[in-house]
Amino acid sequence: MSADQILDALDPEQREVATALHGPVCVLAGAGTGKTRAITHRIAYGVRVNAYAPQSVLAVTFTARAAGEMRQRLRALGVAGVQARTFHAAALRQLSYFWPEVVGGQMPSLVEQKAPLVGRAANASGLRVDRLMVRDLAAEIEWAKVSLVDPADYASTIARQGRPSPAGLAPAQVVDVMRAYEEAKTDAVVLDFEDILLLLADVIGRHHEVGDQIRRQYRHFVVDEYQDVSPLQQFLLEQWLGGRRELCVVGDPAQTIYSFAGASPQHLLGFGRTYTDATQVRLVRDYRSTPQVVSLANGLMRRRGAAGAGVELVAQRPSGPAPSFTAYDDDESEAAGVATRIEALISAGVPASEIAVLYRANSQSEALEEALAERGIGYLVRGGQRFFAREEVRRAIVLLRGAAVAADDRPLGEQVRDALTGVGWTEEPPTARGAVRERWDALQALVNLADDVAADAGGAATMREYVEHLAERAQAQHAPAVEGVTLSSMHAAKGLEWDAVFIVGCSEGLLPISLAETDEAVEEERRLLYVAITRAREHLALSFARARKSGGKATRSRTRFLEQQWPDVRPGRTPRKAANARLADLGPDDLRLFETLKTWRLETATADAKPAFTVLVDTSLVEIARSRPSTLGDLARVQGIGASKLDRYGRAILEIVEQHHAERA
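Residues numbered from 1 in each chain as written. Predicted model: local features only at pLDDT ≥ 70, side-chain atom pairs only at ≥ 80, totals over all residues. Heavy atoms only, no water.

Caption draft 1: Structural detail: the state of the cysteines. A full pass over the atoms with the stated rule returns zero disulfides. Considering cysteine sulfurs only, C26 is the nearest to C248, which forms no disulfide, with 8.3 Å between them. (Disulfide = S-S within 2.5 Å.)

Caption draft 2: Structural context of the sheet that holds strand β1 (residues 25-29). Taking strand neighbours across the sheet as the criterion, the six strands line up as β3-β2-β6-β7-β1-β8 in an open arrangement whose pairing is parallel. Single-partner strands in this sheet number two, and they are β3 (83-86) and β8 (279-283). Averaged over neighbouring strand pairs, the angle between their axes works out to 15 degrees when direction is ignored. In the packing of helix α4 (residues 64-76) onto the sheet, contacts are made with β2 (57-61) and β3, and the angle to β3 comes to roughly 170 degrees. Lying on the sheet, helix α5 (residues 87-102) is in contact with β2, β3 and β6 (220-223); it crosses β3 at an angle near 110 degrees. (Pairing = 2+ DSSP bridges. Helix = DSSP H or I, 4+ residues; strand = E, 2+ residues; numbered from the N terminus. Axes fitted to C-alpha atoms, helices over the stretch in contact; angles between N-to-C directions. Contact = heavy atoms within 4.5 Å.)

Caption draft 3: Molecular detail of the side chain of R526. With respect to the helices and strands, R526 occurs in helix α22 (residues 519-533). A polar contact of 3.0 Å, which involves the side chain of R526, links it to the backbone oxygen of L300. (Polar contact = N/O pair within 3.5 Å; in protein donor to acceptor, adjacent residues only side chain to side chain.)

Caption draft 4: Structural detail: the UniProt feature "binding site: ATP" (unreviewed entry) in the protein. As recorded in UniProt, the feature "binding site: ATP" (unreviewed entry) lies at A29, G30, A31, G32, T33, G34, K35 and T36. Checked against the element boundaries, G30 lands in the loop between β1 and α3 (35-48). The buried category is assigned to G30, whose relative accessible area is 4%. Aside from chain neighbours lying at most four places away, what touches G30 is D252, Q255, L283, V311 and L313. Within the fold, G32 resides in the loop between β1 and α3. (UniProt positions renumbered as here; feature names shortened; annotations may be inferred. Buried < 20%, exposed > 50% of the residue type's maximum accessible area, 1.4 Å probe, protein only.)

Listed below in structure tokens is the structure:
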């Protein structure tokens, strides 16, 4: 692509980002506004006009998946050689390179799980701990390190911040565990992830020749998700910069959801004070979500005096269905209701991989898994076993490497399919669910990826290029899409999007979670819900259960965050006077459609020799008359229309609505 073509692909605000090639640049980018597009085009444009050498750019992201996506986009723009990595990956690469020179010997290995060492440290400190206490202590140690809190200052720091010490321990006890943990690491000759950043920053500060060499290599820095940087990451970034100003940061304060882990939006919000002459751009055009979803998201964050609320999004997509709000009797009913609606969406043509169920706590997934399994709907739990760690995927990659050596001139997809038959892939999916179907789904994801790689290359991709692409994805843990409904915590869903999103557990105690005891913690819970809402492109459903168990006391209430948006009428249990009120709200034309639907209902019920209300209740007919659904997907969102009724009556209802529209025209 030429420089002009790179810019032509952008909207005015994105173009402003892309052409701001020098000096400090701060981009406030709302959800779905194309921030990755803007910054990758900025890098590509800078390379095209010879403002940057590709090797001189370091783009830092917060997830390996985001880094992999950025590298793919840059390649698609014809730019190779740019380093796009997470903070930890970039730091580990540099530290590994300089370690023999400045320290000597082999660098200690990296420990991925703190828990065993923390447990050992707690025992050495005289504490009797269980698994949950070890987890909480490990999280607190991580928070202290990324926040640059020395053990000697721990007690005074948490007192000043109003932060409770973990597991009901006294601050002095936590400090003892912190110190014992560092000793345990030294004895085991290992480093943790925070050590990588700390040690590299120290090496750069102590050894000027190392800092000079890094700065000669990297002259331009881009930091994505800047609202989530910790004090430690900011300190390392400043070491990399060495006082220079070639920095572009991108973030959204409304998506700050990791404060509990040490992230701080203050670096983003204070960027203009740090660099008074910085170029500042706001991306507000939301290309992801419908106006209905965007309106709900904006309303959630529109609070007087709310600091760091982000940008007011402006929807760019056509109108879609209104978000739905449902109160269920108990958790089991909520899971069953969500599964039924998912079944209807899939029947209406929405791919299972484009549907997600989001929750606040991982423990909420169990009931959802059972409800989906009962209906034969495939699903994957985000945060479970990593894709590239699966046995069938590892075996498949071995076969694909062998096939690449003996590749022929056949299309890439055909060669990949032939190779994967060796690990059990078949053209048709197995009828059984469970582990058998999960294995097939994983292999099918490799097949689909091959088709995508071939399409991107205009059909000219080779097996060797495909295998190299897989190796890069495996290194970045950038798994291909697996067919199935995604079950995910709200935190793990950040950076992702789906056509349809169900947000469950929208009740006090879960949103905000009961552990959120300060105003700041509650506001972070609000931002978390905002992130969850803005994952939806078109269909959005929010729900909660009034009781935990069937027959239990209905003690739960809907979340305070949605008080202004949640309808007062309890869905599914509308009193007749409320139904009449809704009927009275219909306009003359809507009433004619309602009467036509009632006539159809009576004829259908008479033919089946059963009462009319068993076909559809009045409230469903009123909603159809008001919303005028044009697709099965739209119709599936009407209360009272499940998968069976959608299958039995859906086409007839849509024909009535279409005919009514034609007669009116």
